[in-house]
Amino acid sequence: MWWQWSRACERRPPGPTGAAEGNNTVTRRPRILVIGAGFAGVECVRRLERKLGPDEADVALVTPFSYQLYLPLLPQVASGVLTPQSIAVSLRRSKKYRTRIIPGGAIGVDLEAKVCVIRSITDEIIDEPYDYLVLAPGSVTRTFDIPGLAEHAFGMKTLAEAAYIRDHVISQLDLADASDNPEERRARLQFVVVGGGYAGTETAACLQRLTHAAVRRYPRLDPSLIRWHLIDIAPKLMPELGDRLGKQALKILRDRGIDVSLGVSVAKVTENEVTFTDGRVIPSHTLIWTAGVVASPLIGTMEAETVRGRLAVTPEMTVPGHDGVFALGDAAAVPDLAKGEEGAICPPTAQHAMRQGPKVADNIIHSLRGEPLEPYVHKDLGLVVDLGGKDAVSRPLGIELHGILAQAVARGYHWSALRTGVAKARVMVNWLLNAVAGDDFVRTGFQARKPAQLKDFEYTDSYLTPDQVREEVRKAEAEGKVRGKVTGG
């Protein structure tokens, strides 16, 4: 039957493919589909472009934005030290650029049919087939079932969120300055950051410096009314740094006047109040939620094994039982062979993602050429935490640093990790300009009249269930809408 022949073609193993046409065979290049333009996805694509011959495979990248976001510097965008464009590295500057960019987000994957369901930026549904799939969709902000959290919290995971938070914080100063109500002023000038990891600590530190500098331009405001609260349920601040550096970071924050509360979380959030689990009620219009991340909801659209919510993979970053499927970055539980501990997996950091991407690209090339795959092994190089100004704590190669030297290491690491010379130039100029001239504390008016929620920026409500994915692919195949697939004969 024609449909049996069609399904056999669709479920072909990875590698050079062909379809019968009379007595001839029409061959086509294998299709490599990369999902996600974060560190892992972009580094994978760039390696494929450099090492694959033009006739060996076609490469496509699924991303809603044609840039790679340098996520570790988001707090500096929120605080105005850097402009948004400086950490949004264009995907179209590659000298060997030949990847087809599909402007949209993957909302489901049918691993059996080898089809990815994509929602384009115009809300069109696209069913994209593949021979090789690279799953690097990253992560989203981890939330809990806390009353009011989803409606009133801001995240720090996307460029739009960072720009929005900057506008919001400055607007609170503007509104407090314009108000004659002491209670409203007090609520406008209290800010709460939840999460004592790198993102939360850097966000609180950088934004506190923003408000501390900005209040000089508001002669009607009492600087002592501005209060920043950093809370975390963990007993230590950034435990990965070790006790000594963690205590040093804690001292820096408290010396600046930031109220750090450990062993505490949020019990309830309203439009103008935040209730802590220790019973304190803070009048505030600002709650920034950075309490960890979880793998992209895309992982839940596939019926595949997971480890603590991340896709289970081999040391070669292949998904067991699914030929030609690789997963890496925040969404994958990549075994950490460098630790030498059974069950250890790589943490969801940019350092690992940037190195996993090229390794997956190499393994795809090995697979195409019939060569053995290689496992991923990388020893952690250390940690850097930029607290703004002259303050930082760093642990490069196990050496503990704080102060100006740690700041030089932190900024040097971030600067060198930027992928293009243009991005490096922009960031360096921004740093120098901010150090010399300071900030003008200008609001752009981004979404000024629209209350923002986490899902508005991270699109966490856009994904399909596994059953919906199968139904969409089945319907598209029946209608012949799966791009490039044989559907009849």
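None of these values were measured; they are calculated from a predicted model. (Residues numbered from 1 in each chain as written. Predicted model: local features only at pLDDT ≥ 70, side-chain atom pairs only at ≥ 80, totals over all residues. Heavy atoms only, no water.)

### Observations regarding the nonpolar core
Point 1. Ile32, Ile87, Val109 and Leu135 are the most contacted members of the largest nonpolar core, which has 113 residues in total.
Point 2. A total of eight residues in this core trace back to one element, the largest contributor, which is helix α5 (residues 159-178).
Point 3. Two domains share this core, each providing at least three of its residues, namely domain 1 (31-141 + 295-369) and domain 2 (143-291).
Point 4. Here Val109 is in contact with Ile35, Val115, Cys116, Tyr130, Leu133, Leu135, Leu298, Thr301, Met302 and Val469, once residues within four sequence places are set aside.
Point 5. Counting residues in hydrophobic clusters, the runner-up holds 15 residues, among them Val264, Val269, Val274 and Trp289. (Core = buried A, V, L, I, M, F, W, Y, C linked by side-chain atoms within 4.5 Å. Buried < 20%, exposed > 50% of the residue type's maximum accessible area, 1.4 Å probe, protein only. Helix = DSSP H or I, 4+ residues; strand = E, 2+ residues; numbered from the N terminus. Domains from an automatic or database assignment. Contact = heavy atoms within 4.5 Å.)

### Details of the sheet that holds strand β13 (residues 190-194)
Point 1. Reading across the sheet, the five strands line up as β12-β19-β13-β14-β15 and stay open at both edges, with parallel pairing between neighbours. For this open sheet the edge positions go to β12 (153-154) and β15 (259-262), each flanked by a neighbour on one side alone.
Point 2. Judged from the two bridges that link them, β12 and strand β19 (residues 286-289) form a sheet pairing that is parallel. Within β19, the position partnered with Ala153 by the bridge is Leu287. (Pairing = 2+ DSSP bridges.)

### Description of the confidence of the model for the protein
Point 1. For the protein, the average pLDDT comes to 90, and 92% of its residues sit at 70 or higher.
Point 2. Contacts of residues 19-26 to residues separated by more than four positions or lying in other chains number nine contacts, the stretch itself having pLDDT below 50. (pLDDT = per-residue confidence, 0-100.)

### Quick notes on unusual backbone geometry
Negative phi characterises most residues that are not glycine, and trans characterises most peptide bonds.
Point 1. The phi torsion at Asp123 lies on the positive side, around 70°, for a residue other than glycine.
Point 2. Summarising the element assignment, Asp123 is placed in the loop between β8 (115-120) and β9 (125-129).
Point 3. Judged by relative accessible area, Asp123 falls into the exposed class, the value being 55%.
Point 4. Within the chain, Leu397 stands out as a residue other than glycine whose phi angle is a positive 55°.
Point 5. By the secondary structure assignment, Leu397 is in the loop between β26 (392-396) and β27 (401-402).

### Observations regarding a nonpolar patch on the surface
Point 1. Among the surface-exposed residues, Leu381, Leu397 and Ile399 lie close enough to one another that they form a single nonpolar patch of about 300 Å² accessible area.
Point 2. With relative accessibility at 66%, the residue Leu397 sits in the exposed group. (Patch = residues over 30% accessible without salt bridge, like charges linked within 9 Å, V, L, I, M, F, W, Y side chains within 5 Å. Areas by Shrake-Rupley, 256 points an atom, 1.4 Å probe, with all protein chains shown as cover. Salt bridge = Lys/Arg side-chain N within 4 Å of Asp/Glu carboxyl O.)

### A word on the pattern of salt bridges
Point 1. All chains considered together, the criterion is met by 23 salt bridges.
Point 2. Its salt-bridge partner being Glu49, residue Arg46 comes within 2.9 Å of it at the nearest N-O pair. Linking Arg46 with Glu49, this pair stays in helix α2 (residues 39-51), spanning three residues, or about one helical turn. There is no split in this pair, since Arg46 and Glu49 are both buried.
Point 3. Salt-bridge contacts for Arg280 lead to Asp278; the nearest nitrogen and oxygen are separated by 2.9 Å.
Point 4. Judged by relative accessible area, Asp278 falls into the partly exposed class, the value being 41%.
Point 5. Through salt bridges with shared partners, a single network forms among Arg47, Lys51 and Asp362.

### A short note on the sheet that holds β27
Point 1. Taken together, the three strands give an open sheet; going across it, the order is β25-β26-β27, and neighbouring strands pair in antiparallel fashion. Each edge of the open sheet carries a strand with a single partner, namely β25 (382-386) and β27.
Point 2. Taken together, the five bridges between β25 and β26 define a ladder with antiparallel strand orientation. Within the sheet, the bridge partner assigned to Val384 lies in β26 and is Ser394.
Point 3. Contacting β25, β26 and β27, helix α10 (residues 404-417) runs over the sheet at an angle of about 65° to β26. (Axes fitted to C-alpha atoms, helices over the stretch in contact; angles between N-to-C directions.)

### Concerning the pairing of β8
Point 1. For β8, the buried fraction is high: five of the six residues fall into the buried class.
Point 2. By the bridge criterion, six bridges tie strand β7 (residues 100-110) to β8 in an arrangement that is antiparallel. For Asp110, the partnering residue across the bridge sits in β8 and is Val115.
Point 3. Counting the residues that bridge the hairpin from β7 to β8 gives four residues, and of these Lys114 lies at a positive phi of roughly 60°.
Point 4. Of the strand pairs in this sheet, β8 and β9 are connected by five bridges, and their pairing is antiparallel. The residue bridging Arg119 from the neighbouring strand is Ile125, located in β9.
Point 5. In textbook terms, the turn of a hairpin is the stretch between consecutive antiparallel strands, and for β8 and β9 this stretch comprises four residues, one of which, Asp123, has a positive phi near 70°.

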